[in-house]
Amino acid sequence: MKKLMITPLGTISPHCNLRRNCPGFLVEFENEKILLDCGNGITNLLKFPEVLEHLHILITHYHEDHFGDLGSIESTAFCYHNLGLLDNKINVYLPKKEYNGRKRMITSNPESYSIYQDIDENKVYDIGGMKVSFYDNHSHGIESYMIKLEVNQKKIVYTSDIGTTNLEGIIDFCKDADLLISESSLLRKHHRNLTTHLTGYDAGRVASLSNVSKLLLTHFWPEEDRNLYLEEAKENFKNVELAEEGKKLILEIE
Ligand SMILES: [Zn+2]
Ligand SMILES: [Zn+2]
């Protein structure tokens, strides 16, 4: 039986600390590896140089917490290639539109060993047998993609950063996923006035309305008690857990 392995690498934002990193998830299927975002600190949990072979890095948007360690990975690929230990370039998928010079900064690095391509949300990519599609969530203030990975009948959706203003489109994209990895930046007690992130309660609601099988919460505020997110989400959806750095999830593929 084939396996899809998901390893949380970073679960907090906007800053990392000694125990936890900014957003990133590693998905492994057969020989292929996909990094969903590349936040500060995630390189702590990657195994070099092995991880660099057959590596695809998907950057969902140009907020620093989602690409802070990209430069380190690219420099490492450059060095290992120069040492003769890496033959194939790493593949980096980026949002199309420039955002305050971030895209130029990433793509103009002369000491990287990467191929860059713009994300096309009208396309379904085939990455080593994984079908990968993107959806600009139109609720986070900037071009920002949700990502769906499908192998046979199994479906994983990673929300990255989403807000509360396009719930219909978001729910449609998440529909019937086996695993929904959802941001939950806030708690209701924050009395927020911003619509560009979800609370734990909202994440549970999205999971329930999307009819997913399991919800994995992430993107926590570093100074908050993580159990409060769980409690809020559970008000709307029962099969939920907190993403933990290094704690793998495995989906069996028929
Ligand atoms: Zn963001
Ligand atoms: Zn973020």
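Bear in mind that the values here come from a model prediction, so they are computed numbers and not experimental data. (Residues numbered from 1 in each chain as written. Chains lettered and ligands numbered in written order. Predicted model: local features only at pLDDT ≥ 70, side-chain atom pairs only at ≥ 80, totals over all residues. Heavy atoms only, no water.)

Details of empty space enclosed by the protein
This structure, assessed with the given rule, holds one cavity of 30 Å³ or more. By volume, the largest cavity amounts to about 60 Å³. Together, 13 residues line the largest cavity, and Y158, S160, E183, T218 and H219 are the ones closest to its centre. In terms of residues, the lining of the largest cavity owes the most to one element, strand β11 (residues 179–183), which gives three residues. (1 Å grid on protein atoms, 1.4 Å probe; cavity = no way out; pocket = protein on both sides within 12 Å on 5 of 7 lines; lining within 4 Å. Points joined across faces, edges and corners; volume = space filled by probe spheres on them. Helix = DSSP H or I, 4+ residues; strand = E, 2+ residues; numbered from the N terminus.)

Section: the side chain of K148
Position of K148 among the secondary structure elements: in strand β9 (residues 145–151). One buried charged residue, K148, remains without a salt bridge, the closest side chain of opposite sign being E150 at 5.1 Å. Residues contacting K148, with those up to four places away along its chain left out, are K131, V132, S133, K155, I156, V157 and F173. (Buried < 20%, exposed > 50% of the residue type's maximum accessible area, 1.4 Å probe, protein only. Lys, Arg positive; Asp, Glu negative; His and termini not counted. Salt bridge = Lys/Arg side-chain N within 4 Å of Asp/Glu carboxyl O. Contact = heavy atoms within 4.5 Å.)

Remarks on the sheet that holds strand β2 (residues 24–29)
Taken together, seven strands build an open sheet; the order of strands is β6-β5-β4-β3-β2-β1-β14 and the sheet is mixed. Strands at the two margins of the open sheet, each flanked by one partner only, are β6 (114–118) and β14 (249–253). Taken pair by pair, the neighbouring strands of this sheet meet at an average axis angle of 20 degrees, ignoring direction. Two elements, strand β1 (residues 2–10) and β2, share six bridges in a ladder whose sense is antiparallel. Among the inter-strand pairings, T7 is bridged to a residue of β2, identified as L26. Packed onto the sheet, helix α1 (residues 70–82) meets β3 (32–36), β4 (55–58), β5 (90–94) and β6 and runs at close to 155 degrees relative to β5. (Pairing = 2+ DSSP bridges. Axes fitted to C-alpha atoms, helices over the stretch in contact; angles between N-to-C directions.)

Focus: the coordination of the zinc ion (ligand 2)
At the metal site, the zinc ion (ligand 2) is ligated by D65 (OD), H66 (NE2), D161 (OD) and H219 (NE2), and these contacts range over 2.1 to 2.2 Å. The site at the zinc ion (ligand 2) holds four donor atoms, and with the angles between them running 88 to 155 degrees, its shape is irregular. Ordering the donors of the zinc ion (ligand 2) by residue number gives the pattern D-H-x94-D-x57-H. The metal-metal distance between the zinc ion (ligand 2) and the zinc ion (ligand 1) is 3.6 Å, with D161 serving as a donor to both. Of this pair, D65 sits in the loop between β4 and α1 while D161 sits in the loop between β10 (154–158) and α3 (167–174), placing them 96 residues apart in sequence. For the pair formed by D65 and D161, the shared burial category is buried. (Donors = N, O, S within 2.8 Å, 3.2 Å for Na, K, Ca; no water. Tetrahedral: all angles 85-135°; square planar, octahedral: opposite > 155°, others 65-115°.)

Structural notes on the packing of aromatic side chains
Under the criterion given, the structure shown has seven aromatic pairs. Look at F25 and Y158: their rings are 5.7 Å apart centre to centre, the planes differ by 55 degrees, and that puts the pair in the tilted class. In this pair, F25 is assigned in strand β2 and Y158 in strand β10, connecting sequence segments 133 residues apart. With a centroid separation of 5.4 Å and an interplanar angle of 20 degrees, the aromatic rings of Y135 and F173 are classed as stacked. Here Y135, found in strand β8 (residues 130–136), pairs with F173, found in helix α3; they are 38 residues apart in sequence, far enough to count as distant. Of the two residues, Y135 and F173, neither departs from the other in class, the shared state being buried. (Phe/Tyr/Trp six-rings, centres within 6.5 Å; stacked < 30°, edge-to-face > 60°.)

A short note on the coordination of the zinc ion (ligand 1)
All of the protein donors around the zinc ion (ligand 1) are H61 (NE2), H63 (ND1), H140 (NE2) and D161 (OD); their distances to the metal are 2.2 to 2.3 Å. Taken together, the four donor atoms coordinating the zinc ion (ligand 1) and their angles of 92 to 168 degrees define a geometry best described as irregular. Taken in chain order, the donor set of the zinc ion (ligand 1) reads H-x1-H-x76-H-x20-D. Of the residues examined, H61 reaches a relative accessible area of 0% and is grouped as buried.

Some words on the pattern of salt bridges
Overall, the coordinates contain twelve salt bridges when judged by the stated rule. One salt bridge connects E50 with K47, and the closest N-O pair in it is separated by 3.5 Å. For K47, a relative accessible area of 58% gives the class exposed. Residues E64 and R102 are paired through a salt bridge, measuring 2.8 Å at the closest nitrogen-oxygen approach. Here E64 is found in the loop between β4 and α1, whereas its partner R102 is found in helix α2 (residues 102–107), with 38 residues between them in sequence. The network of salt bridges with shared partners includes R20, R226, E244 and E245.

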